[in-house]
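Per-entry structural report
In case you want the letters, here they are:
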Amino acid sequence: MTKLTIAIPSKGRLQDNTHAFFARAGLTIERPGGDRNYRGTLKGFPDVEIAFLSASEIAREIADGSVHMGVTGIDLVEENISAPYEKTHLVTALGFGHADVVIALPTAWIDVSTMADLSDVASDFRARHGRRLRVATKYVNLTRAFFAKSGIADYRIVESAGATEGAPAAGAAEMIVDITSTGSTLKANNLKIPDDGVMLRSQAHLVASLTATWCDGALAAARAILDQVAAEEIARKTKEIRAVLPDPKAAAKQAAMEFGCTTPFGDEGAPLVLHCPARDVPACAAMLKALGATHVNVVTLDYVFETENPLYDPLHEKVS
Ligand SMILES: Nc1ncnc2c1ncn2[C@@H]1O[C@H](COP(=O)(O)OP(=O)(O)OP(=O)(O)O)[C@@H](O)[C@H]1O
Ligand SMILES: O=P(O)(O)OC[C@H]1O[C@H](OP(=O)(O)OP(=O)(O)O)[C@H](O)[C@@H]1O
Ligand SMILES: [Mg+2]
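Here goes a summary of the coordinates provided. Note that the structure is predicted; figures quoted are calculated from it, not measured. Every chain begins its residue count from 1, and numbering advances along the sequence as written. Going through the entries in the order they are written, you letter the chains from A and number the ligands from 1. Given that the model is predicted, a residue must reach a pLDDT of at least 70 before its local features are reported, and side-chain atom pairs must reach 80 or more before they are shown or counted; all residues, however, enter totals for whole chains, interfaces and linings. Side-chain numbers come from the whole structure's heavy atoms, not from hydrogens or water.

**Section: the site of ligand 1**
- Whether a residue is near a molecule or strand depends on its heavy atoms: it is near if one of them lies within 4 Å of it. With respect to spatial proximity, 16 residues lie near ligand 1, and among them K11, R13, S56, D75 and S181 are the closest.
- At 2.7 Å, a side-chain N or O of D75 approaches an oxygen atom of ligand 1.
- We define a polar contact as two N or O atoms separated by no more than 3.5 Å, with the added condition that, inside protein, one atom must be a possible hydrogen donor and the other a possible acceptor, whereas residues neighbouring each other in sequence contribute only through side-chain atom pairs. Separating a nitrogen atom of ligand 1 from a side-chain N or O atom of S181 is a distance of 2.7 Å.
- All accessibility values rest on the Shrake-Rupley procedure with a 1.4 Å probe; residue burial counts only the protein chains present in the view. Protein chains shield 76% of the accessible area of ligand 1, which is 620 Å² for the free molecule.
- Helical segments are the DSSP runs of H or I of at least four residues, strand segments are the runs of E of at least two, and each set is numbered from the N terminus. Elements that contribute at least two residues to the shell around ligand 1 include exactly α2 (55–64) and α3 (74–80).
- Classifying every residue of the shell around ligand 1 gives five nonpolar, seven polar and four charged.
- Domain limits in this description derive from either an automatic procedure or a database domain assignment. No fewer than three residues from each of domain 1 (4–96 + 203–213) and domain 2 (99–200) sit in the shell around ligand 1. When residues are sorted by character, Ala, Val, Leu, Ile, Met, Phe, Trp, Tyr, Cys and Pro go into the nonpolar class, Asp, Glu, Lys and Arg into the charged class, and all the rest, Gly among them, into the polar class.

**A closer look at the layout of surface pockets**
- A 1.4 Å probe that fits but cannot get out identifies a cavity on a 1 Å grid over protein atoms alone, an open set with protein on both sides within 12 Å along at least five of seven lines counts as a pocket, and a residue lines either if it has an atom within 4 Å of a point. Grid points are joined across faces, edges and corners, and a volume is the space filled by probe spheres set on the points. Roughly 800 Å³ of internal volume is contained in the largest pocket.
- For the largest pocket, the lining is made up of 32 residues, of which R13, D75, K138, Y139 and I179 are closest to its centre.
- Among the secondary structure elements, those contributing two or more residues to the lining of the largest pocket are α2, α3, β10 (175–180) and α8 (184–188).
- Tallied by class, the residues present in the lining of the largest pocket amount to ten nonpolar, 16 polar and six charged.
- When residues of the lining of the largest pocket are sorted by domain, at least three fall in each of domain 1 (4–96 + 203–213) and domain 2 (99–200).

**Points about helix α6 (residues 140–149)**
- All of the buried residues along α6 are V140, L142, T143, F146 and F147. Buried residues in α6, looked at end-on, bunch into an arc of 160 degrees, giving them a common side. Exposed residues on α6 whose side chains face more than 90 degrees from its buried face are A148 and K149.
- Count one or two residues on from α6 and you reach G151, which has phi positive near 70 degrees. Note on exposure labels: buried denotes an accessible area under 20% of the residue type's maximum, exposed denotes more than 50%, and partly exposed covers the range between, all computed with a 1.4 Å probe on protein chains only. Each direction from the helix axis to a C-beta atom contributes to the arc, which is the arc of those directions.

Dropping the structure here:
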């Protein structure tokens, strides 16, 4: 494998957001031949190959090293990979695909509102019915780990590939473990989440493989791509503030202390140029006015390229 292979979701809810994420970083995914082609390219990066896979396949291929990087959900990383953080490295959270893996049980079970309550019910159920409570799920490994942590042993997993929320009403299980975001599917099926029943908060991540072969070419391509991704990420979270001040050095120092502002071009300039966390801009502008600035210009940035790359450097450390 001399090329860098990046896997991206070819269907499902992560697909569109993934394309938008790459586009934001100025990266264009090309898929010659359209939807039926499972290989694509990244415009301007001849050493990169794109693999189109489902989100769960992406987690598996990252684990076994057949792709270098991919976009998938943390739920799938933790469910599909044993010892996930020995085999993968989370490059960055992508801010979409937010969903919780939860345990849900019938709303009619009014006495059960915590995992401790459920533990009691599970033992009673077994004593009374001579069989164990059934949990329908496709998250078999996450469920086992969570039930063990909650001290519940009296249950049995019924594997469910789809429409899991329907299992209790269909009589196939007493409860479920599944992913939820708005909660409307659970509600429609008369299911509720115990107070401490959230097993995992998931979102889509850019994930790198620690088992793939990282030759120099693959590393160089990863660096070039992550330079663009990091530059966009920093730019999105940062505003550039420009102001002329009687004592720019003192203002820069105060802005650094109060808001963590940096001075990318030094602290002597007229105007002084600050990089400020986006959320602190109004407060920082007020401070600069109080220090004598008559105008405070705030500029939105497209990219901020820096020598150090907060996304690439930690990955490089692990794979070389
Ligand atoms: N309702 C939801 N809201 C937000 N994210 C969700 C929701 N359902 C699933 N996801 C997330 O989307 C990711 C992929 O799920 P999706 O169902 O699109 O693909 P998949 O399960 O891999 O498909 P398949 O099982 O057919 O291979 C998962 O990481 C999951 O956490
Ligand atoms: O909390 P909610 O907003 O109601 O979302 C939850 C539902 O979304 C997912 O299904 P999806 O729509 O991806 O269909 P699928 O079962 O075919 O994957 C998940 O499996 C739940 O069924
Ligand atoms: Mg789905």
